[in-house]
Amino acid sequence: MSFLGRALAILRKDLKAEWRTKARLSPMVFFILLMLLVFNFSFDLGGAALREIGPGTLWSSYVFASLLSLGRSFADERDNDALDALLLAPGDCGAIYLGKMLGNFVFLLAIELLSLPFFALFFNLSLGFFLLPLLAVFVLGSACMASAGTLFAALSNNMRLRELMLPLLLLPMILPALISCVEATGLVLANDCCEKLFPHLQMLGVYAVVFTVLSLMLFEYAIEE
């Protein structure tokens with residue numbers, strides 16, 4: 001089987017398993033809605049305040065919800081001792097990373113798109129075509145979190161305190177991408193994204209590509225530690 005074929009096979013397996021169990025999406029949805037509800041009662045968001053506080057609220061919810069999903073990236077393989085079989089199979093181990101990363105990307109992007117209407121409802125945000133650039137921010141932001149998160153999920157997979165180590169390893173690494181996501185989202189909500197948005201999108205794109213390439217190179221060593 002080719003490199004891409006192995007990656008797509010792992011992606012299909014993860015998507016089918018999640019479709020049956022909802023073990024990752026359901027906690028993420030509940031967590032994000034709970035955080036948005038708490039922030040809704042904590043702040044009187046609207047107008048200028050929405051543009052100043054809203055992006056941080058939104059991406060804080062996404063980051064902490066993503067930890068729930070990323071922490072279970074290799075849970076099924078670990079519980080069933082299937083990870084050793086995947087590593088022993090002929091072919092590049094990077095295909096395992098790519099398949100898992102694409103699965104995490106799909107889950108994160110889906111949860112962001114599902115939660116946006118609730119964010120608009122809770123914080124009196126009028127939906128319109130001016131929010132279309134937010135789709136690019138979501139895609140690139142999800143790619144950044146998935147590329148870095150999948151590698152560190154593999155690195156912490158065999159650790160005894162994996163639930164604690166994953167946030168400690170991941171959060172400092174995704175901070176530059178997270179800052180760009182918050183700034184870009186603020187520009188979109190302020191409807192001021194003609195020229196100022198592109199540098200943030202460019203930074204997110206470079207971060208995702210660089211971290212994906214590095215992870216493909218380092219995954220075999222990370223997963224065997």
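Note: the structure precedes this text.
Residues numbered from 1 in each chain as written. Predicted model: local features only at pLDDT ≥ 70, side-chain atom pairs only at ≥ 80, totals over all residues. Heavy atoms only, no water.

## Some details on the overall build of the chain
And step 1. Regarding its fold elements, the chain presents 9 helices and 0 strands.
And step 2. Summing over all exposed atoms, the chain offers an accessible surface of approximately 11,300 Å²; the carbon and sulfur share of this is 69%. (Helix = DSSP H or I, 4+ residues; strand = E, 2+ residues; numbered from the N terminus. Areas by Shrake-Rupley, 256 points an atom, 1.4 Å probe, with all protein chains shown as cover.)

## Some words on the packing of helix α7 (residues 133-155) against helix α8 (residues 162-189)
And step 1. Relative orientation of the contacting elements α7 and α8 amounts to 175°, with a least axis distance of 10 Å. By the angle between their directions, the pair α7 and α8 is classed as roughly antiparallel. Residues P133, L134, V137, G141, C144, M145, A148, G149, F152, A153 and L155 of α7 form the contact with α8, whose own contacting residues are L166, L169, L170, M173, I174, A177, C181, A184, T185 and V188.
And step 2. Considered class by class, the residues forming the contact of α7 with α8 number 18 nonpolar, 3 polar and no charged. (Axes fitted to C-alpha atoms, helices over the stretch in contact; angles between N-to-C directions. Parallel < 35°, antiparallel > 145°, perpendicular 65-115°, else oblique. Contact = heavy atoms within 4.5 Å. Nonpolar A, V, L, I, M, F, W, Y, C, P; charged D, E, K, R; others polar.)

## So, the packing of aromatic side chains
And step 1. Per the stated rule, a full pass over the model turns up 6 aromatic pairs.
And step 2. Residues W59 and F138 carry aromatic rings whose centres are separated by 5.9 Å and whose planes lie at 65° to one another, so their mutual orientation is edge-to-face. Placement of W59 in helix α3 (residues 48-70) and of F138 in helix α7 is noted, with a sequence separation of 79 residues between them. Neither residue differs from the other here; W59 and F138 are each classed as buried.
And step 3. Between Y62 and F138, the aromatic rings sit 5.8 Å apart at their centres with planes inclined by 80°, giving edge-to-face as the arrangement. Here Y62, found in helix α3, pairs with F138, found in helix α7; they are 76 residues apart in sequence, far enough to count as distant.
And step 4. Classification of Y62 as buried rests on a relative accessible area of 2%.
And step 5. F138 sits in the buried class, given a relative accessible area of 1%. (Phe/Tyr/Trp six-rings, centres within 6.5 Å; stacked < 30°, edge-to-face > 60°. Buried < 20%, exposed > 50% of the residue type's maximum accessible area, 1.4 Å probe, protein only.)

## Some details on the environment of I96
And step 1. Residue position: I96 is located in helix α6 (residues 94-122).
And step 2. Through-space distance from the C-alpha of I96 to that of A7 is 5.9 Å; in sequence the pair is 89 residues apart.
And step 3. Residues within four places of I96 in sequence aside, it is in contact with R6, I10, F74, L86, L87 and F219.

## Some points on helix α2 (residues 25-42)
And step 1. With 18 residues, α2 extends 26 Å from end C-alpha to end C-alpha; this agrees with the ideal 26 Å at 1.5 Å per step.
And step 2. Among the residues of α2, M28, I32, M35 and L36 are the ones counted as buried. For α2, the buried positions fall inside an angular range of 95° around the axis, keeping them on one side. In α2, the exposed positions that point more than 90 degrees away from the buried face belong to F30 and F41. (Expected span 1.5 Å × (residues − 1). Arc of directions from axis to C-beta.)

## Regarding the environment of S115
And step 1. On the secondary structure map, S115 appears in helix α6.
And step 2. Residue S115 is classed as buried on the basis of its relative accessible area of 4%.
And step 3. Measuring from C-alpha to C-alpha, the distance between S115 and L58 comes to 9.1 Å, with 57 residues separating the pair along the chain.
And step 4. Residue contacts for S115: discarding those within four places in its chain leaves I32, L36 and Y62.
And step 5. At a separation of 3.0 Å, a polar atom in the side chain of S115 contacts the main-chain carbonyl oxygen of I111. (Polar contact = N/O pair within 3.5 Å; in protein donor to acceptor, adjacent residues only side chain to side chain.)

## So, the side chain of S69
And step 1. Structurally, S69 can be placed in helix α3.
And step 2. Looking at S69, its side chain comes within polar contact range of the side chain of R24, at 3.0 Å.
And step 3. Contact partners of S69, with chain neighbours within four places excluded, come to R24, M28, N104 and F107.

## Notes on the side chain of T150
And step 1. Relative to the assigned elements, T150 resides in helix α7.
And step 2. Accessibility expressed as a relative area gives 0% for T150, which makes it buried.
And step 3. The contacts of T150, once residues within four sequence positions are left out, are L70, F74, Y97, K100, M101, N104 and M145.

Don't take any of this as a statement about function, it's just geometry.
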